[in-house]
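The chain contents come next:
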Amino acid sequence: MTYAERQAFWKNSEIGKLLGFDRWPDLPQKTETSLVFKLSAETWLTNSNQGELIKDPNWLQIEAVIRDLDGKSKSLVTLKSNDETYINIGGGKSDKYVVTATFNNTKFYVLVDLSKSDEIETLVVGGEEKNYPAKMCVDLLHCLVAARTFTESGKLDALLDWEEDKSFVI
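Note that the coordinates shown come from a computational prediction; the quantities given were computed from them, not determined experimentally. (Residues numbered from 1 in each chain as written. Predicted model: local features only at pLDDT ≥ 70, side-chain atom pairs only at ≥ 80, totals over all residues. Heavy atoms only, no water.)

Caption draft 1: Inspection of the overall build of the protein chain at higher detail. In terms of helices and strands, the protein chain carries four helices and eleven strands. Buried positions account for 41% of the 170 residues belonging to the protein chain. Put simply, of all contacts in the protein chain between residues at least 6 apart along the chain, 52% involve residues at least 24 apart. Put simply, the protein chain shows about 9500 Å² of open surface, and 51% of that area lies on carbon and sulfur atoms. (Helix = DSSP H or I, 4+ residues; strand = E, 2+ residues; numbered from the N terminus. Buried < 20%, exposed > 50% of the residue type's maximum accessible area, 1.4 Å probe, protein only. Contact = heavy atoms within 4.5 Å. Areas by Shrake-Rupley, 256 points an atom, 1.4 Å probe, with all protein chains shown as cover.)

Caption draft 2: Representation of the nonpolar core in the model. Counting 27 residues, the largest nonpolar core has Leu79 and Val99 as its most contacted members. Of all the secondary-structure elements, those providing two or more residues to this core are strand 1 (38–42), helix 3 (59–67), strand 5 (76–82), strand 6 (85–91), strand 7 (97–102) and helix 4 (140–153). With seven residues, the single largest contributor to this core is helix 4. Discounting chain neighbours no more than four positions away, the residues touching leucine 79 are Val36, Lys38, Leu39, Ile62, Thr85, Tyr86, Ile87, Ala147, Phe150 and Thr151. Among the nonpolar cores identified, the runner-up in size contains nine residues, and Val98, Val125, Met136 and Cys137 belong to it. (Core = buried A, V, L, I, M, F, W, Y, C linked by side-chain atoms within 4.5 Å.)

Caption draft 3: Inspection of helix 3 at higher detail. Every buried residue of helix 3 is listed here: Trp59, Ile62, Glu63, Val65 and Ile66. Seen end-on, helix 3 carries its buried residues on one side only, within an arc spanning 165 degrees. Looking at where helix 3 begins, the residue whose side-chain oxygen comes 3.0 Å from the main-chain nitrogen of leucine 60 is asparagine 58. (Arc of directions from axis to C-beta. Polar contact = N/O pair within 3.5 Å; in protein donor to acceptor, adjacent residues only side chain to side chain.)

Caption draft 4: Spatial organisation of helix 4. Along its 14 residues, helix 4 runs 20 Å from first to last C-alpha, staying within 8% of the 20 Å computed at 1.5 Å per residue. In terms of burial, helix 4 is a largely internal element, eleven of the 14 residues being buried. For helix 4, the full list of buried residues reads Leu140, His142, Cys143, Leu144, Val145, Ala146, Ala147, Arg148, Thr149, Phe150 and Thr151. Phi turns positive, to about 75 degrees, at glycine 154, one or two residues after helix 4. (Expected span 1.5 Å × (residues − 1).)

Caption draft 5: Inspection of the packing of helix 3 against helix 4 at higher detail. Two elements in contact, helix 3 and helix 4, have axes whose closest approach is 11 Å; the angle formed by their N-to-C orientations is 150 degrees. When the axis of helix 3 is compared with that of helix 4, the two are roughly antiparallel. Relative to helix 4, helix 3 is oriented so that their crossing is right-handed. Contacts from Trp59, Ile62, Glu63, Ile66 and Arg67 of helix 3 reach helix 4 at Leu140, Leu144, Ala147, Arg148 and Thr151. Each residue belonging to the contact of helix 3 with helix 4 can be placed in one class, and the counts come to six nonpolar, one polar and three charged. (Axes fitted to C-alpha atoms, helices over the stretch in contact; angles between N-to-C directions. Parallel < 35°, antiparallel > 145°, perpendicular 65-115°, else oblique. Left-handed = near helix turned anticlockwise from the far one by under 90°. Nonpolar A, V, L, I, M, F, W, Y, C, P; charged D, E, K, R; others polar.)

Caption draft 6: Geometry of the pattern of salt bridges. Scanning all chains against the criterion turns up six salt bridges. In this structure, the salt-bridge partner of lysine 96 is glutamate 121, at a minimum N-O distance of 2.7 Å. Placement of the pair is lysine 96 in the loop between strand 6 and strand 7 and glutamate 121 in strand 9 (residues 120–125), with a sequence separation of 25 residues. Here lysine 135 ties to aspartate 118 by a salt bridge, and the two come within 3.9 Å at their closest N and O atoms. With lysine 135 in the loop between strand 10 (128–133) and helix 4 and aspartate 118 in the loop between strand 8 (108–112) and strand 9, the pair connects residues that are 17 residues apart, well separated along the chain. (Salt bridge = Lys/Arg side-chain N within 4 Å of Asp/Glu carboxyl O.)

Written out as C-alpha cells, the structure reads:
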C-alpha cells in the first residue's frame, strides 16, 4: 500500500473517521518546490555522529529520513532554509516525536498536542535521552504535516498547535 493509499484509507474508513482523520486537511501532493536547502540526519554510533548531509533535498528524501527516525541511533533530523531558519524533528521511538522550529535562532516554537498532559515522557533526541512533557511528543502524521508545510512555505502550519518554547531562551 502506498503512502497516498494509506492516507485515503485513514481519511475514508470508519475507524479513520472515529479517530478524526476525516477532519484532517489533505497533505499537499508531491511538488518540486522546496525552501529547504540543507537536510541533516544524525546517526549516532558509539557516541559519534555518523549522519548524512543532503543539499537541496526533495520532499521524498525528507519524508524518508523522518520516517527512518528510530529514537535510538537515528534520533534527529534538521531541515534548514537558511542559517537562522530551521525545523528539528527528533525522537521516533513508539511513534513519539519532538518538533521545534525557529526563524531567527532566538525565538523557538514547539509543536504540541493539546489533548495530552504535561506528564513526562523520555525520548532520545540528538543522541541524548531527555525528558519532555507528553504534549510535546507528537505522532508521525503531525510531524510530516509540519515538515511538509515548512518545506514548501518556510512557515509553521497554521492548522497545528505551536507554543513558544521558553526553555531555549538565552
